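Survey of secondary and tertiary structure
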Amino acid sequence: MSAVAEHATPAHPDPNEPDANGLAASEDYQGRHCGYEGRHRSEADGLSVWATAQSTGPVQRRGRYVPESVKHPARMLPAIAAHAIGAYTQPGDLVLDPMCGIGTTLVEAVHAGRDAFGIEYEPQWSNIADANIRHAHDQGATGRASVIRGDATRLMSLVPKALTGQVALVVTSPPYGPTVHGLVRPGEHGVVKYDDRYGEDKGNLAYRDLTGLADGFAQILRGCATLLRPGGVVVVTARPWRKRGELVDLPSAVIAAGLRAGLVPTERCVALLAAVRDGQLVARPSFFQLQQVRKARAGGVPMHLIAHEDVLIFALSPQDEAGVVA
């Protein structure tokens, strides 16, 4: 990972207390984005399959993110955020990640000359996001960004009213339960897992069951819809997981949450988690993914490695578009 040391960051003991400084805290923010042209950019490489893992996650983050970033258990691939930002925004546009974690969306946005802000519930991750933003600026990133500490299900109580109707793009991903694969190291009694939890606060959305998670995510998306400008786009990455052998269909739950939030699904793309080499997919599984697949196949279940994330894309409904314009 990066050899750049993490910058000192002030503590924020109350996860529901919004940040008092930065881009998103300004009541008079007027934005820098260009006027809406009625559609996102259409380019020759705007395919429904995004080749976002031609290099591994560690390679994508090396030198671009502070070393502590590796502690987050479910980091979005930077190339996924960068692809969405390049496809759906112009320089100067405003980007939001309401569950920003270590700030991947924000970092890729400022490097691309966009402004950005994020919401993060866990102080540990918001502090690292702050460090990553400062590191991006040290590297010459021209966009502005800030992180608000708080619960994104209360999005509109955290964000200044001046940002209503200003956001060009939302890029985010819901949590996959309270624990995920994390990192591993050999121990005296076998492999030891660590850095595999979103946090210990049971108020975190990650601790809810699928129904509760979908309800909370619908609240978040409802707030995002209020902040979107005409023609704004919401991009959500999600993939199913297995719980006690049963498949949990998170992408379908996200689509249902979007509909309840008043958003309209417009596209369903694939962001590859595998590299493409000579026309073949080269998987990049974690230790636990390999272990799970091997055990399943040994038991006669023809399970395969996950090679992609679903990318679910939403827009405002025509009625809401008309309301924003008015």
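First, a word on scope: everything that follows refers to the structure included in this document. In this text, all values refer to a predicted model and were calculated from it rather than measured experimentally.

1. Description of the overall build of the chain
Each helix and strand in the chain was counted, giving nine helices and 14 strands. Of all 326 residues assigned to the chain, the portion counted as buried reaches 48%. For the chain, the proportion of contacts with a sequence separation of at least 24, taken over those separated by at least 6, is 75%.

2. Things to note about helix H3 (residues 104-111)
For an α-helix, the turn length of 3.6 residues means that residues three or four places apart are oriented alike. Burial of H3 is extensive: seven of the eight residues sit out of reach of the surface. Against the buried residues of H3 lie helix H2 (78-88), strand E2 (94-97), strand E3 (115-120), helix H4 (123-138), strand E4 (145-149) and strand E5 (167-172). Looking one or two residues beyond H3, the residue adopting positive phi is Gly113, at roughly 80°.

3. So, the environment of Gln289
Tracing the sequence through the fold places Gln289 in helix H8 (residues 287-298). For the pair Gln289 and His304, spaced 15 residues apart in the sequence, the C-alpha separation amounts to 9.4 Å.

4. As for the packing of H2 against H3
Where H2 contacts H3, the axes come no closer than 9 Å and their chain directions differ by 50°. By the angle class used here, H2 and H3 are oblique. The hand of the H2/H3 crossing is right-handed. Contacts between H2 and H3 pair Pro78, Ala81, Ala82 and Ile85 from the former with Thr104, Thr105, Glu108 and Ala109 from the latter. Considering only residue class, the contact of H2 with H3 consists of five nonpolar, two polar and one charged.

5. A short note on the pattern of salt bridges
Counted by the stated rule, this structure contains seven salt bridges. A salt bridge links Glu309 to Arg239; its shortest N-O distance comes to 2.7 Å. Of this pair, Glu309 sits in strand E14 (residues 308-316) while Arg239 sits in the loop between strand E8 (228-238) and strand E9 (241-243), and the two are 70 residues apart along the sequence. Of the charged contacts in the structure, one is a salt bridge between Arg268 and Asp310, with a shortest N-O distance of 2.5 Å. With a gap of 42 residues between them, Arg268 in strand E11 (residues 263-272) and Asp310 in strand E14 connect regions that are remote in the sequence. Its relative accessible area of 47% is what places Arg268 among the partly exposed residues.

6. Brief notes about the sheet that holds E11
Reading across from one edge, E1-E11-E14-E8-E5-E2-E3-E4 is the order of the eight strands in this open sheet, with mixed pairing throughout. Sheet topology places strand E1 (49-50) and E4 at the edges, where each strand pairs with a single neighbour. Pairing of E5 with E8 involves five bridges; the strand directions are parallel. When the sheet's bridge partners are listed, Val167 is paired in E8 with Leu228. The sheet strands contacting H2 are E1, E5, E8, E11 and E14, and the helix crosses E5 at an angle near 160°. On top of the sheet, H4 reaches E3 and E4; it is set at about 170° to E4, its chief contact.

Rules used in this analysis
- Residues numbered from 1 in each chain as written.
- Predicted model: local features only at pLDDT ≥ 70, side-chain atom pairs only at ≥ 80, totals over all residues.
- Heavy atoms only, no water.
- Helix = DSSP H or I, 4+ residues; strand = E, 2+ residues; numbered from the N terminus.
- Buried < 20%, exposed > 50% of the residue type's maximum accessible area, 1.4 Å probe, protein only.
- Contact = heavy atoms within 4.5 Å.
- Axes fitted to C-alpha atoms, helices over the stretch in contact; angles between N-to-C directions.
- Parallel < 35°, antiparallel > 145°, perpendicular 65-115°, else oblique.
- Left-handed = near helix turned anticlockwise from the far one by under 90°.
- Nonpolar A, V, L, I, M, F, W, Y, C, P; charged D, E, K, R; others polar.
- Salt bridge = Lys/Arg side-chain N within 4 Å of Asp/Glu carboxyl O.
- Pairing = 2+ DSSP bridges.

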